[in-house]
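Chain residues, written in single-letter form:
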Amino acid sequence: MTPVEAAAALVWLVDMGADEVVQEAAANRLAPPPAPAQQELANVAPPAPRGDAASIAAACSSLAEIEQALSRFDACPLKKTATRLCFADGNPQAHVMLIGEAPGREEDELGKPFVGRSGQLLDRMLAAIGVSRAESDPAKSVFITNTIYWRPPGNRTPTETETQMCLPFLMRTIELQKPRFIVCLGATPTQRLLGRNDGILKLRGKWFDFGQAGQVIPLLATLHPAYLLRQPAQKRLAWRDFLALAEVMAKN
Ligand code: URA
């Protein structure tokens, strides 16, 4: 690569949202992958067909299978720029499923949703109502996932195309995890699951019926913890929503 080509490649990376160096020595991502050893070849699962998220998700019969299928799903362009897949965390038996937007930098590094600053705030909010992702009692725990499973470059908001592409996996996750309640954190999951375009300040604090596969699941929309970190005065609204959640959890 000439110096001019290298400079152009660098500008392109910055345009794509690259904002950090993840290794001390730069990886040559244009080099062809090394040929796998013969024995490895036998164990490698065939790549998932591009774009066929709906049929791939429908064929999964457990949360572990969804995670496996996502690790082989190459149609989402975000996978190319992310470090690792970030599927879910918490108790798979939990009565409540929390759905965020997309992994950030720390989530991308650890492969778990909500482990950065927003996640720490979320954990404190949950603790305030006696709930934790680490709790084994399904009535006091949560299962946490996102609308998208790879970090968008530079933490930009995922596009509608990206979230729609991953939506069948989220829908199947809901079908298999069978939460009694869903809590959407922020506009993106609320809009995708309800098929609405209203802003989160209009939707938050309200319960909606989320219907899927003959099931109706009460869905509460609330503010995203990252928004609360930027607008701490709005925490009182989120607190109201979490108290409403605690109330329905106590009755069920
Ligand atoms: N924000 C999200 O929406 N999800 C995460 O996992 C982390 C931050």
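Residues numbered from 1 in each chain as written. Predicted model: local features only at pLDDT ≥ 70, side-chain atom pairs only at ≥ 80, totals over all residues. Heavy atoms only, no water.

**Q** Sorry if this is basic, but what is going on with the site of the ligand here?
**A** Close contacts around the ligand come from Gly100, Glu101, Ala102, Pro103, Glu107, Pro113, Phe114, Asn146 and His224, and that covers them all. Here an oxygen atom of the ligand and a backbone polar atom of glutamate 101 are 2.7 Å apart. Between the ligand and asparagine 146 there is a distance of 2.8 Å, counted from a nitrogen atom to a side-chain nitrogen or oxygen. Here the ligand has 240 Å² of accessible area as a free molecule, and 93% of this is covered by the chains. Among the cavities detected, the one that contains the ligand is the second largest pocket. Of the residues that constitute the shell around the ligand, the class distribution is four nonpolar, three polar and two charged. (Near = heavy atom within 4 Å. Polar contact = N/O pair within 3.5 Å; in protein donor to acceptor, adjacent residues only side chain to side chain. Areas by Shrake-Rupley, 256 points an atom, 1.4 Å probe, with all protein chains shown as cover. 1 Å grid on protein atoms, 1.4 Å probe; cavity = no way out; pocket = protein on both sides within 12 Å on 5 of 7 lines; lining within 4 Å. Sits in = over half its atoms within 2 Å of the grid points. Nonpolar A, V, L, I, M, F, W, Y, C, P; charged D, E, K, R; others polar.)

**Q** Where do I start with the pairing of strand β3 (residues 142-146) in this structure?
**A** Every other side chain in a regular strand lies on the same face of the sheet, so the side chains alternate between the two faces. Burial runs high along β3: five of the five residues are buried. Because side chains alternate across β3, one face comprises the buried residues Val142, Ile144 and Asn146, and the other comprises Phe143 and Thr145, equally buried. Two strands pair when backbone bridges link them, and strand β1 (residues 88-90) and β3 are joined in this way by three bridges, in the antiparallel orientation. Residue pairing in the sheet places glycine 90 in a bridge with phenylalanine 143 of β3. Inspection of the sheet shows strand β2 (residues 96-100) paired to β3 by five bridges, in the parallel sense. Counted as the bridge partner of glycine 100 is asparagine 146 from β3. (Buried < 20%, exposed > 50% of the residue type's maximum accessible area, 1.4 Å probe, protein only. Helix = DSSP H or I, 4+ residues; strand = E, 2+ residues; numbered from the N terminus. Pairing = 2+ DSSP bridges.)

**Q** Please clarify how the pattern of salt bridges should be interpreted in this entry.
**A** When the charged atoms of two side chains with opposite charge come close together, those side chains can pair. Here the structure, examined in full by the defined rule, presents 10 salt bridges. Two residues, lysine 251 and glutamate 247, come together in a salt bridge whose shortest N-O distance is 3.8 Å. Here lysine 251 and its partner glutamate 247 are both found in helix α12 (residues 235-251), four residues apart, which amounts to about one turn of the helix. Residue classification places lysine 251 among the exposed residues on the basis of a relative accessible area of 63%. Members of the salt-bridge network, linked through shared partners, are Asp89, Asp123 and Arg133. (Salt bridge = Lys/Arg side-chain N within 4 Å of Asp/Glu carboxyl O.)

**Q** What is the right way to look at the state of the cysteines in this model?
**A** Disulfides are covalent bonds that link the sulfur atoms of two cysteine residues. This model, assessed by the stated rule, comprises zero disulfides. Summary of cysteine pairing: cysteine 76 is not part of a disulfide, and the nearest cysteine sulfur, belonging to cysteine 166, is at 4.3 Å. A relative accessible area of 0% means that cysteine 76 is categorised as buried. (Disulfide = S-S within 2.5 Å.)

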